[in-house]
Every structure is written in C-alpha cells, then in structure tokens.
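A look at the structure
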Amino acid sequence: MTWFKRDAHEIVPPSDHEVRTEGLWTKCPQCGKPIWNADLEANLQVCPYCSYHFKISARERIEMLLDPGYDLVDSGLRSTDPLSFCDLKPYKDRLQKEQKKTGLDDAIVNAVGKINGLDVVVSAMEYNFIGGSMGAVVGETIARAVDRALENRTPLIIISASGGARMMEGIASLMQLAKVSAGLARLDEAGIPYISLMTDPTFGGVTASFAMLGDLNIAEPGALIGFAGPRVIEQTIRQKLPEGFQRSEFLLEHGFLDAIVSRKELKPYLANAIHWMSQPNVVELETTETSTDTAVAAAD
Ligand SMILES: [Zn+2]
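Below is a summary of the structure that appears in this document. Quick caveat, the model's predicted, so the values are computed rather than measured.

**Points about the overall build of the chain**
From N to C terminus, the chain includes 10 helices and 9 strands. A separation of at least 24 residues holds for 66% of the contacts in the chain among residues at least 6 apart in sequence. As displayed, the chain offers around 17700 Å² of accessible surface, 55% of which is attributable to carbon and sulfur atoms.

In structure tokens form, the structure reads like this:
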C-alpha cells in the first residue's frame, strides 16, 4: 500500500494565463544580482545592492537634475556628412538609424531651467547616439549652450558621456575641441561658473577639451574617464597599468577630479556648488597678509 497517492492529471494553466518576466528584471553587471526594473528606476538607475551606476540617457539626466518646467533648446541641427564618409555603412545611413533609435538629431541635448530654484544651462551628451561621439553638431550645440550661459550670465553644466571625437567627420570633429574651449575661456573671463560632470564613459577629444576645463570637475562613481583606452596605452608604453586605472576613484586620488558624487546626491550637490560659486567675490575683501598666511600654511 502506498502512503501517498497522486492523481494522474497534470495542472493545466488556463490558456489566457501567461506570466511575462522578460524585461522586468535587469542583472547588475557589477554584483550580478537581479534587480526589479521598477526598483532600479526608483533608485535613479543605481544598483541598490552595490551602487553600480547604470548608463542613463541625456533626457533622463535632464529630467533627474532640473526642476519641473525646464525647456529643451537648440535642437534641430543635423550633420551634413561633410566627408561623404563610409565605413561598414554610409555615415548618412548610420545617422538616420541613430536618429530613429534615440529620437534625437545628434548626441546632445541642451536645456535651460532651474536646479532647486537656481538658473542653469545644461548640455547633456547622449551615449546611445554613436557612442556619444562629438561631431560638428555636438560641438555647435555645446557652443550654443556656452553662448546662452554667457548672454544670460547663467551657470553652465556640461554632462559628458562620450567615446571622443567622431571619426566620420574627421577634422570637422577635431575643430570642435578648440571651438568649445574658446567659448569656455570667454565664460571664464566673464566670471560665470562652469561645472563639468563626467559620467561613464568620458574619453578622447571630450576629455581633452571641455570635460576637464570645469571650474569644478566632478564625476559619478566608477566612471571610466581617460583620453586613450587602457589597451592602447598598455601597447604603447609596454607596461601593465595599475588596478582601477581610469576609474573616477583613481582619478580623484591623483588630482584629476575635484569630487565624486553619487547620482542621488547630484542635484543637491550641484545646487549647493552653484549657490556657492555665484556668491560675490569674497576673496577680494581679504587682506594680502591673510592670503599670504594661507598660502604659507598650505605649503607647510
Ligand atoms: Zn549591483
């Protein structure tokens, strides 16, 4: 005699009963844990277990940082493909595909608005658009953000997420480094604050120009920031690179960054920095003697 008896029939789910799990969970690339997408979104796309910062789009970035009621500006510029460039496919086709995918004209979005009530101009790069590469349109759009900041005497924030200059536009891409840098020099002369926020990744011509020219250069945790990639450097200098090389923590330790700010802290941090940087120049009120003392103390 058997103790337990199972009926022969199987459990048959009703035909309309389907459980969809695909697309509801995301695996964290750093700690490997599955995260429910709603939790990830509520946590500003940061892993709740290990604080890994997922890449986010330019529009999400602006939405996250600016108070409601901001305006998107300077859109409508499109590349003219000056070199009629073709690699695996024509650059024109690639542009069209990326425009359709992202809903943007190029790898940049400008916005004017407020951060905790303080006026700002924001220029955010879109990594999903040909790796956030900087061609003539990206350069021109950032230059227009600089002009806006200058005209209205408003602090500027540029958020970088880029593989560097866009090779499909050759020299026209490289000229953007000088153009944006010249604009930022005018902003500096006018005494208007510029904050550079570097996110994962920030590379090439972007690092070599505006990303490192901020009055305040800050980055998100764990962001890869550099000029050339680690493999290229290793092959060139024929040496093994130290651990964590080109991560924001390494850069902060070696004096290339002023601060690392987690995404959750970013808005209050930026508001505080802008508030502080927009104060009247208090240094001029100090006596020369005090300044010298401070310099000596710092040297000690
Ligand atoms: Zn994680």
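**So, the coordination of the zinc ion**
Taken together, the protein ligands of the zinc ion are Cys28 (SG), Cys31 (SG), Cys47 (SG) and Cys50 (SG), with distances of 2.2 to 2.3 Å. Given 4 donor atoms and angles of 106 to 112° at the metal, the environment of the zinc ion is assigned as tetrahedral. Overall, the relative accessible area of 2% leaves Cys28 in the buried class.

**Comments concerning the side chain of Ser123**
Here Ser123 is to be found in strand 5 (residues 118–125). Assessed through its relative accessible area of 0%, Ser123 is described here as buried. Ignoring sequence-local partners within four residues, the contact set of Ser123 consists of Ile108, Val109, Asn110, Ile142, Ala145, Ile157, Ile158 and Ile159.

**Quick word on the nonpolar core**
Proteins that are soluble and globular tend to have nonpolar side chains buried together. Within the largest apolar cluster, 32 residues are counted, with the highest numbers of intra-cluster contacts made by Ile142, Leu156, Leu184, Leu187 and Phe210. Those elements that provide at least two residues to this core are helix 3 (91–102), strand 5, helix 4 (136–152), strand 6 (156–162), helix 5 (170–189) and strand 7 (194–202). With 5 residues, the single largest contributor to this core is helix 4. Phe210 has contacts with Met125, Met134, Ile142, Ile158, Ser160, Val180, Leu184, Tyr194 and Ser196, leaving out every residue within four places of it along the chain. Residues Ala58, Val109, Val122 and Ala271 belong to the second largest nonpolar core, which totals 24 residues.

**Here's the deal with the pattern of salt bridges**
Taken as a whole and judged by the stated rule, the model has 15 salt bridges. Close ionic contact of Lys114 with Asp119 constitutes a salt bridge, the shortest N to O distance being 2.9 Å. Residue classification places Lys114 among the partly exposed positions, given a relative accessible area of 38%. When the shortest N-O distance is used, the salt bridge between Arg263 and Glu220 registers 2.9 Å. Residue Arg263 is located in helix 9 (residues 263–277), and its partner Glu220 is located in the loop between strand 8 (216–219) and helix 7 (230–237); the two are separated by 43 residues in the primary sequence. Taken individually, Arg263 and Glu220 each receive the classification buried, so the pair is uniform in this respect.

**Concerning the packing of helix 4 against helix 5**
Between two packed helices, the angle of one axis relative to the other and the distance separating the axes together describe the packing. Here helix 4 crosses helix 5 at 5°, and the two axes come no closer than 9 Å. When the axis of helix 4 is compared with that of helix 5, the two are roughly parallel. On helix 5, the residues touching Ala136, Gly139, Glu140, Ile142, Ala143, Val146, Asp147, Ala149 and Leu150 of helix 4 are Gln176, Lys179, Val180, Gly183, Leu184, Arg186 and Leu187.

**Digging into the side chain of Arg94**
Examined against the element boundaries, Arg94 turns out to sit in helix 3. Of the residues examined, Arg94 reaches a relative accessible area of 18% and is grouped as buried.

**A look at the sheet that holds strand 5**
Here we have 7 strands laid out as an open sheet, ordered 3-4-5-6-7-8-9, and mixed in their pairing. Sheet topology places strand 3 (71–73) and strand 9 (259–260) at the edges, where each strand pairs with a single neighbour. Examined bridge by bridge, strand 6 and strand 7 share 6 bridges and lie parallel to one another. Residue Ile157 lies in a different strand from strand 7, and its bridge partner there is Ile195. Contacting strand 4 (108–115), strand 5, strand 6, strand 7, strand 8 and strand 9, helix 9 crosses the sheet at an angle of about 175° to strand 8.

What counts, and where the lines are drawn
Residues numbered from 1 in each chain as written. Predicted model: local features only at pLDDT ≥ 70, side-chain atom pairs only at ≥ 80, totals over all residues. Heavy atoms only, no water. Helix = DSSP H or I, 4+ residues; strand = E, 2+ residues; numbered from the N terminus. Contact = heavy atoms within 4.5 Å. Areas by Shrake-Rupley, 256 points an atom, 1.4 Å probe, with all protein chains shown as cover. Donors = N, O, S within 2.8 Å, 3.2 Å for Na, K, Ca; no water. Tetrahedral: all angles 85-135°; square planar, octahedral: opposite > 155°, others 65-115°. Buried < 20%, exposed > 50% of the residue type's maximum accessible area, 1.4 Å probe, protein only. Core = buried A, V, L, I, M, F, W, Y, C linked by side-chain atoms within 4.5 Å. Salt bridge = Lys/Arg side-chain N within 4 Å of Asp/Glu carboxyl O. Axes fitted to C-alpha atoms, helices over the stretch in contact; angles between N-to-C directions. Parallel < 35°, antiparallel > 145°, perpendicular 65-115°, else oblique. Pairing = 2+ DSSP bridges.

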